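Notes for the structure review
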Amino acid sequence: MAIRSLAQKTGDSRTSTRKPRQNFETWSWYFMRISGLVLFFLALFHFFIMHILNDVTATNVTFVATRWKNPIWRLLDWLLLALGLLHGSNGLRFIMDDYIRKPAKRVVVKSVVYGIAIIMFIYGTLTIVTFKG
Amino acid sequence: MSPKSATIYKGKTGQWAFVLHRITGFLVFMFILLHVVDISTINSPHVYDAIHRLYGNVFLRLFEVGLLFGLTYHALNGLRVIMIDFFPGAIKNEKQLFYFMFSLSLLLTVIGGVIILRPFFTGSTH
């Protein structure tokens with residue numbers, strides 16, 4: 001990105017005339033930056049409230065019940081769950097592509113990792129949605 | 001010198017930033033999985049409260065401080081990555097940026113760590 005915009009500014013014909021392909025990896029790259037920026041605020045804010053302002057032992061059922069009376073908190077917690085799992089599993093995808101060299105093994109490990117992420121997403125969503133207080 | 005040892009990349013700050021980013025990202029993801037499970041016990045209040053009393057244990061408080069470091073480092077270094085990607089000028093200062101972000105995450109971990117561990121030492125916890 002930095003190289004491309006630099007090339008455009010300096011009018012480097014070798015790079016600026018070639019239009020970048022908008023493939024899956026391009027979207028993945030944008031997604032990591034945008035979700036990362038959103039998570040920067042969401043995750044640090046969440047940690048600050050749940051671990052700094054309140055002691056971990058104080059965040060009991062009563063605490064959560066009061067908090068989840070407001071649907072905005074449920075929405076923010078759900079957003080943290082969804083973005084955290086998506087950002088995390090995409091990050092794990094880079095790691096798996098880097099370290100698992102055998103194609104068959106890669107398919108198996110990726111299936112397990114994505115499977116766990118999907119199950120956790122459904123499980124977490126159910127917890128947030130079905131809690132009656 | 002064998003070809004293998006001749007091509008070892010010793011790495012500079014950028015590589016250490018990358019390695020730490022990867023490790024902290026992996027660990028934070030593992031924590032999310034644990035977190036989804038512990039929160040799911042909310043419909044069995046006694047289990048949920050027992051787990052959160054257990055989290056008040058000094059070892060799990062240290063684990064909590066570790067999570068704080070992983071989270072703040074990954075978040076701040078992620079900002080550094082975004083700055084390098086979108087502002088060409090940032091690459092010239094990437095080393096200083098790394099030292100700044102790393103120090104800031106350490107500082108926040110120490111401050112947060114004192115607050116997280118304090119109840120254990122003052123005995124104001126279960």
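Residues numbered from 1 in each chain as written. Chains lettered and ligands numbered in written order. Predicted model: local features only at pLDDT ≥ 70, side-chain atom pairs only at ≥ 80, totals over all residues.

So, about the overall build of chain B. Counting secondary structure elements, chain B contains 5 helices and 0 strands. Taking 126 residues into account, the globule formula puts the C-alpha radius of gyration at 14 Å, and chain B, at 19 Å, lies well above it. With respect to the three principal axes, the spread of C-alpha positions in chain B is 60 × 30 × 30 Å. Of all 126 residues assigned to chain B, the portion counted as buried reaches 25%. The contacts of chain B with a sequence gap of at least 6 include a subset with a gap of at least 24, amounting to 74%. (Helix = DSSP H or I, 4+ residues; strand = E, 2+ residues; numbered from the N terminus. Rg over C-alpha atoms; globule rule 2.2 N^0.38 Å. Buried ≥ 20, exposed ≤ 12 C-beta atoms within 10 Å, placed from the backbone. Contact = placed C-beta atoms within 7 Å.)

Summing up its helical and strand segments, chain A has 6 helices and 0 strands in all. Ordered by position from the N terminus, the helices and strands of chain A form the series α-α-α-α-α-α. The buried share among the 133 residues of chain A stands at 12%. In chain A, once contacts between residues fewer than 6 apart in sequence are set aside, the share between residues at least 24 apart is 70%.

Each partner contributes residues to the interface: chain B has 36 residues there, and chain A has 31 residues. The set of elements that each furnish at least two residues to the side of chain B that touches chain A consists of α2 (13-40), α3 (45-54), α4 (58-86) and α5 (94-122) of chain B. With 10 residues, the single largest contributor to the side of chain B that touches chain A is α4 of chain B. Taken together, the residues that form the side of chain B that touches chain A break down as 22 nonpolar, 9 polar and 5 charged. (Nonpolar A, V, L, I, M, F, W, Y, C, P; charged D, E, K, R; others polar.)

Attention shifts here to helix α6 (residues 103-130) of chain A. In a regular helix each residue adds 1.5 Å, so 28 residues correspond to 40 Å; α6 of chain A covers 40 Å between its end C-alpha atoms and thus fits that length. Every buried residue belonging to α6 of chain A is among Ala 117, Met 120 and Gly 124 of chain A, and all of these are buried. Buried positions along α6 of chain A lie against α5 (71-99) of chain A together with α2 of chain B. (Expected span 1.5 Å × (residues − 1).)

In this section: the nonpolar core. In summary, soluble globular proteins display a tendency toward joint burial of nonpolar side chains. Counting residues in each nonpolar core, the largest one holds 20 residues, and the members touching the most others are Leu 85 of chain A together with Ile 32 and Leu 71 of chain B. Counting residues per element, the ones that place at least two in this core are α3 (24-53), α5 and α6 of chain A together with α2, α4 and α5 of chain B. It is α4 of chain B that contributes the most residues to this core, 6 residues altogether. Apart from residues no more than four positions distant in its own chain, Leu 85 of chain A is found in contact with Ala 117, Met 120 and Phe 121 of chain A together with Ile 32 of chain B. (Core = buried A, V, L, I, M, F, W, Y, C linked by C-beta atoms within 7 Å.)

Below, the discussion takes up the environment of Thr 57 of chain A. All names here are of chain A. Mapped onto the elements of the fold, Thr 57 is located in the loop between α3 and α4 (61-67). A count of 18 C-beta atoms within 10 Å places Thr 57 in the partly exposed class. For Thr 57 and Met 96, which are 39 residues apart along the polypeptide, the C-alpha to C-alpha distance reads 36 Å.

The subject of this paragraph is the confidence of the model for chain B. On average, residues of chain B carry a pLDDT of 91, and 90% of them reach 70 or more. ipTM for the predicted complex: 0.89, alongside a pTM of 0.87. (pLDDT = per-residue confidence, 0-100.)

This brings us to the environment of Leu 62 of chain B. Positionally, Leu 62 of chain B belongs in helix α4. As for Leu 62 of chain B and Trp 16 of chain B, which are separated by 46 residues in sequence, their C-alpha atoms are 24 Å apart.

Interaxial distance between α5 of chain A and α2 of chain B falls to 10 Å at its minimum, and their mutual angle equals 135 degrees. The angle between α5 of chain A and α2 of chain B falls in the class oblique. As for how α5 of chain A packs across α2 of chain B, the hand of that crossing is left-handed. Of the residues in α2 of chain B, those touching α5 of chain A at Gly 84, Leu 85, Gly 88, Gly 91, Leu 92 and Ile 95 of chain A are Arg 22, Gly 25, Phe 26, Phe 29 and Ile 32 of chain B. Grouping the constituent residues of the contact of α5 of chain A with α2 of chain B by class yields 6 nonpolar, 4 polar and 1 charged. (Axes fitted to C-alpha atoms, helices over the stretch in contact; angles between N-to-C directions. Parallel < 35°, antiparallel > 145°, perpendicular 65-115°, else oblique. Left-handed = near helix turned anticlockwise from the far one by under 90°.)

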